[in-house]
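Inside the fold
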Amino acid sequence: MDRVSAFDEPLKKLLGGATAKVMAEHLDLHTVGDLLHHYPRRYEERGRLTALTDLPLDEHVTVVAQVADARVLVFNNGRGKRLEVTLTDGSGRLQLVFFGHGVHKPHKELLPGRRAMFAGKVSVFNRKMQLAHPTYQLLDSKDTDEATEAVDAFAGRLLPIYPACKQLDSWRIAKAVDTVLPSAREAVDPLPPSLREGRGFTALPEALLKVHRPQTKADIAQARDRLKWDEAFVLQVALARRRYADTQLPAVARRAVPGGLLDAFDARLPFTLTDGQQNVSKEIFDDLATEHPMHRLLQGEVGSGKTMVALRAMLGVVDAGGQAAMLAPTEVLAQQHHRSITEMMGDLAEGGMLGGSEQGTKVVLLTGSMGVAARRQALLDLVTGEAGIVIGTHALIEDKVQFHDLGLVVVDEQHRFGVEQRDALRSKGKQPPHLLVMTATPIPRTVAMTVFGDLETSVLDQLPAGRSPIASHVVPAKDKPHFLSRAWERVREEVENGHQAYVVCPRIGDDADDEAGKKAKKKAPEDEGDKRPPLAVLEIAEQLAKGPLAGLRVEVLHGRMNPDDKDDVMRRFAAGEVDVLVATTVIEVGVNVPNATAMVIMDADRFGVSQLHQLRGRVGRGSAPGLCLLVSEAHEAGPARARLSAVAATLDGFELSRIDLEQRREGDVLGQAQSGVRSSLRMLTVIDDEEVIAAAREEAVAIVAADPELEHLPELRTALDALLDKEREQYLDKG
């Protein structure tokens, strides 16, 4: 067997079809290499029990504990049986429950004093943590061959606990790993020998053996250090190569022209730019003046004035004879940007029109739902160069769209702008355009280095003068219903003082998503108190208009409305003709109504931390202080309430993004975000391993600068091929 193919061997050859199928479907493990990189989450020591106090709700866990007591309860006049087993580990207790025919075997085996490994999903019933119908393996019984084997295997040893799933327990995964572990010796080491020796790392085959079957805690530490470094390093090499390739592309330098559109715009600004805006603008204009494409990430607090910085860059490019395109993730946002940019520019946005400024240009909107005539005119303005600035959704990337001379693309994204889309837009320019990616969610430095590692980063962290503080409070609707009544009184008070308010709900609430509601209901575990679907815009708007907000002008806004109707509602809200806007998260980014001072977020626990921070940023945009009320029925002691309290406690988006990341684990952050790169982080935690990532980045940059094609490092190239673009492979497979 040659060195590469040992790792590429399909699991079904070695483990049998049924196990391999479960691993592929539920754990995304297909080859020997995949399984060897499926590392234990933690290790149990024989004789030492797990802390039952730290179990995460709704997660699949494996615990090693002792049976304290077991009893069978009869119900339904003797027709139904339930076995309740209490486990203990000295730190806390955990309830197990078995029903119906599943009662007999555990009733005979799980006797007080017995120790076993238990695996199942943690739920809450009657305010107590429990595992319903867990699978288990006895660790101190000689009754079964399996138990004897388990004791022999784990006696006096560190017992690896693997990330598992309902269909496959940790100990079955451990057995499968034993089968493939000999292949670890065939591992191809991606690190250049000088780097490995210089940093004193264990060889890769040894690290894999030690991480799966450690003899000592020092083994685990050594293995983890090495495997963490590999993940950080290979990823940073991929990003460094992408950055290097970008610097090799030609671009038209767009140098600022004095006395042009930008100067005319600046002269009319009713305020001065913050120091931050001026510094970031300088970084951008310096990049635009070079002959290879700018690739810059502009991140900043909600309301720090990113759009202003981007608009000035666009005007500078128009002055230099090019066109600028701004891409927004939704139609509502594209329309909003178009409206605010044309308002900010005034007659400068009416170039070539009657009453337009001599120095002006045309600013056009292009979205998928525009009428045929308007769309045809917009396309014409782009291809002739009449329009210097276009604002649109991903409709801009379509084949039909052609530019006269595309010089700058600004991507306003909450998520990563994919490599494929970037390539598609690139092809629209005679040469690759400059690229500015704006992110509305502040990202901790480590994540920026990992997710946006192929972009240079600029940060805006001060708010423009005149922005008001926002007070945030959690409203526990279930425990204290009078708090919710008070929330609606506060909304009325804001309106009586001449202001406006938002009410945000997670769902729209017409027939189409009532189905989603039913599904959500079905999926909720039996014993979860919260069986109702998320609150819906249409229902809440009706209740408010008839009840606590009767007499106020209440309107709705959601993503399934006709674009003209959406635009009309937003326009009337901005003009002060609507008191309360009941909306979904379509208002999350970019909506700017300075007179809106209050926001009530219903079912706030159903939103993520950064999403709540985004939403909250829609109020307090004028001179009056903002108020954000987070309404929740979540259990006071649960993680959802802890999340809300964190949001209420700070307005610092960078701090919140760290909290968010700690709670969500980076799979979510890197999964979608790293378009074109497999989320390969099994060992590295982005938030804790800042030094590793920074050091790996330095080494990666040096290696790529010396050998961009990695000609002298074939092993590293192999590791890169394994990391890059699983999705693209699947896409090609589908033909």
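No experiment lies behind these values; they were computed from the predicted model shown. (Residues numbered from 1 in each chain as written. Predicted model: local features only at pLDDT ≥ 70, side-chain atom pairs only at ≥ 80, totals over all residues. Heavy atoms only, no water.)

The next subject is the overall build of the protein. Assigned secondary structure in the protein consists of 28 helices and 21 strands. Per-residue burial over the protein gives 53% buried out of 735 residues. Within the protein, counting contacts between residues at least 6 apart in sequence, those at least 24 apart form 74% of the total. As displayed, the protein has an accessible area near 32,900 Å², and 51% of this comes from carbon and sulfur atoms. (Helix = DSSP H or I, 4+ residues; strand = E, 2+ residues; numbered from the N terminus. Buried < 20%, exposed > 50% of the residue type's maximum accessible area, 1.4 Å probe, protein only. Contact = heavy atoms within 4.5 Å. Areas by Shrake-Rupley, 256 points an atom, 1.4 Å probe, with all protein chains shown as cover.)

So, on to the sheet that holds strand β18 (residues 554–557). Read from one edge of the open sheet, six strands run β16-β21-β20-β17-β19-β18, paired in parallel fashion. At either end of the open sheet lies a strand with only one pairing partner, and these are β16 (470–476) and β18. Averaged over neighbouring strand pairs, the angle between their axes works out to 20° when direction is ignored. In the packing of helix α21 (residues 563–574) onto the sheet, the strands contacted are β17 (500–504), β18, β19 (580–583) and β20 (596–601), and the crossing angle to β18 comes to about 135°. Across the sheet, helix α22 (residues 609–616) is in contact with β16, β17, β20 and β21 (626–632); its angle to β20 comes to roughly 150°. (Pairing = 2+ DSSP bridges. Axes fitted to C-alpha atoms, helices over the stretch in contact; angles between N-to-C directions.)

Positive phi, close to 50°, is recorded for Asp603, a residue that is not glycine. Structurally, the position occupied by Asp603 is in the loop between β20 and α22. Assessed through its relative accessible area of 3%, Asp603 is described here as buried. The phi dihedral of Leu710 falls on the positive side, at around 55°, and the residue is not glycine. Examined against the element boundaries, Leu710 turns out to sit in the loop between α26 (690–706) and α27 (714–723).

A surface patch of negative charge is lined by Asp652, Glu655, Glu662 and Asp688. Note on placement: Asp652 falls in the loop between α23 (639–649) and α24 (653–664). When its relative accessible area of 36% is taken as the criterion, Asp652 is described as partly exposed. (Patch = residues over 30% accessible without salt bridge, like charges linked within 9 Å, V, L, I, M, F, W, Y side chains within 5 Å. Salt bridge = Lys/Arg side-chain N within 4 Å of Asp/Glu carboxyl O. Lys, Arg positive; Asp, Glu negative; His and termini not counted. Charge placed at Lys NZ, Arg CZ, Asp CG, Glu CD.)

The values reported here are purely geometric and, on their own, carry no functional implication.
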